[in-house]
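Here are the chains, one letter per residue:
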Amino acid sequence: MLELRDAGACYGKAQALHGISLAVRPGEVTALVGRNGAGKSTTLKTFMGQMRLTGGSRWLDGTDVSPLAPERLSRRGVALVPEDRQIFAGLSAEENLRLATLSHGTGPWTLERVYTLFPRLRERRQAQGTSLSGGEQQMLAIARALMTHPRYLLLDEPAEGLAPVIVAQIVQAIAEIRAAGMGIVLVEQNLHVPRQLADHYALLDSGRITWTGGQDDAGDMLEEMLSGLSSPAA
Ligand SMILES: Nc1ncnc2c1ncn2[C@@H]1O[C@H](COP(=O)(O)OP(=O)(O)OP(=O)(O)O)[C@@H](O)[C@H]1O
Ligand SMILES: [Mg+2]
């Protein structure tokens with residue numbers, strides 16, 4: 001289990017997270033939802049060790065990993081697919097994937113396995129990062145994270161800005177990754193994607209978790225709570 005217990009995080013003097021407690025278990029999807037600026041990306045960065053904890057702790061399979069840097073967490077099986085994807089534009093799709101293998105060696109994920117998961121990437125493996133479509137970049141970003149052989153995957157808005165047909169392919173891939181036993185924290189603003197995948201929901205508002213529940217509890221209530229949240233200041 002990957003877990004934050006009462007975690008706090010700051011940007012300078014601004015407190016972005018106030019005592020977040022959130023967990024994900026192997027083979028489950030925890031969906032983290034909330035409006036713009038609620039602190040969803042900051043929560044994922046805190047799981048990954050990219051934000052220093054200003055309070056609370058971080059646990060990985062029963063071990064306190066609060067002090068560990070992102071590289072150490074990555075080696076222990078946590079991977080983040082960031083909102084901006086961070087594809088190396090000057091490298092081909094396959095070179096982007098091989099780069100991840102260089103730092104993490106061999107393991108359960110191979111080029112063949114990620115190409116089976118994302119057939120489109122096999123077709124586009126020689127294409128430069130710059131010439132990939134948004135959907136292809138998202139697939140590549142997920143595939144590259146898998147090449148680090150994670151047990152826990154943190155996905156920051158994987159469907160954002162993509163056409164419905166591409167979103168469907170990404171949802172299918174996430175379902176397959178979960179079925180392989182991965183624990184996944186899925187950040188989405190749009191409930192369409194977590195409705196197909198989430199085992200648990202957490203609603204984040206102004207750096208606090210204000211509601212948690214399962215698919216059955218969520219019903220229309222979650223939709224109403226999300227639309228009812230105040231808009232961020234213009
Ligand atoms: N690098 C940064 N420096 C200072 N403040 C930041 C930084 N990144 C985020 N923040 C602030 O922290 C708060 C949470 O931001 P965060 O990016 O985690 O929200 P989010 O829920 O991911 O939003 P979005 O839906 O827009 O992606 C916001 O008030 C934001 O302005
Ligand atoms: Mg964000």
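Fair warning: this is a prediction, and the values are worked out from it, not measured in the lab. (Residues numbered from 1 in each chain as written. Chains lettered and ligands numbered in written order. Predicted model: local features only at pLDDT ≥ 70, side-chain atom pairs only at ≥ 80, totals over all residues. Heavy atoms only, no water.)

Examining the site of ligand 1
- Close to ligand 1 lie Tyr-11, Arg-35, Asn-36, Gly-37, Ala-38, Gly-39, Lys-40, Ser-41, Thr-42, Glu-83, Glu-157 and Gln-189, which account for all nearby residues.
- Residue Gly-37 places a main-chain N or O atom 2.8 Å away from an oxygen atom belonging to ligand 1.
- Between ligand 1 and the protein, one listed contact pairs an oxygen atom with a side-chain N or O atom of Thr-42 at 2.5 Å.
- Here ligand 1, which alone exposes 640 Å², has 58% of that area covered by the protein.
- Residue contributions to the shell around ligand 1 peak at three residues, all from helix α1 (residues 40-48).
- By residue class, the composition of the shell around ligand 1 is two nonpolar, six polar and four charged. (Near = heavy atom within 4 Å. Polar contact = N/O pair within 3.5 Å; in protein donor to acceptor, adjacent residues only side chain to side chain. Areas by Shrake-Rupley, 256 points an atom, 1.4 Å probe, with all protein chains shown as cover. Helix = DSSP H or I, 4+ residues; strand = E, 2+ residues; numbered from the N terminus. Nonpolar A, V, L, I, M, F, W, Y, C, P; charged D, E, K, R; others polar.)

Remarks on the sheet that holds strand β3 (residues 29-33)
- Pairing within the open sheet is mixed, and its six strands lie in the order β6-β7-β8-β3-β9-β10. On the outer flanks of this sheet lie β6 (78-81) and β10 (208-214), each paired with one strand and no other. Put simply, the sheet's adjacent strands are angled 15° from each other on average, direction ignored.
- As defined by bridge partners, strand β7 (residues 152-156) adjoins strand β8 (residues 183-187) across five bridges and the pair is classed as parallel. Along β8, the bridge assignment pairs Leu-155 with Leu-186.
- Each of β3, β6, β7, β8 and β9 (200-205) is contacted by α1, which is oriented at about 155° to β7, the strand it contacts most.
- Packed on one face of the sheet, helix α6 (residues 134-146) meets β6 and β7 and runs near 170° to β6. (Pairing = 2+ DSSP bridges. Axes fitted to C-alpha atoms, helices over the stretch in contact; angles between N-to-C directions. Contact = heavy atoms within 4.5 Å.)

Looking at a nonpolar patch on the surface
- Together, Phe-88, Leu-99 and Leu-102 give the surface a local cluster of nonpolar side chains, amounting to about 320 Å² of exposed area.
- Its location among the elements puts Phe-88 in the loop between β6 and α3 (93-104). (Patch = residues over 30% accessible without salt bridge, like charges linked within 9 Å, V, L, I, M, F, W, Y side chains within 5 Å. Salt bridge = Lys/Arg side-chain N within 4 Å of Asp/Glu carboxyl O.)

Focus on the coordination of the magnesium ion (ligand 2)
- The coordination sphere of the magnesium ion (ligand 2) contains the protein donors Ser-41 (OG) and Glu-83 (OE), at a distance range of 2.0 to 2.8 Å. Of this pair, Ser-41 sits in helix α1 while Glu-83 sits in the loop between β6 and α3, and the two are 42 residues apart along the sequence.
- A residue is classified by how much of its surface remains accessible, and Ser-41, at 19% relative accessible area, is buried.
- A relative accessible area of 37% places Glu-83 in the partly exposed class. (Donors = N, O, S within 2.8 Å, 3.2 Å for Na, K, Ca; no water. Buried < 20%, exposed > 50% of the residue type's maximum accessible area, 1.4 Å probe, protein only.)

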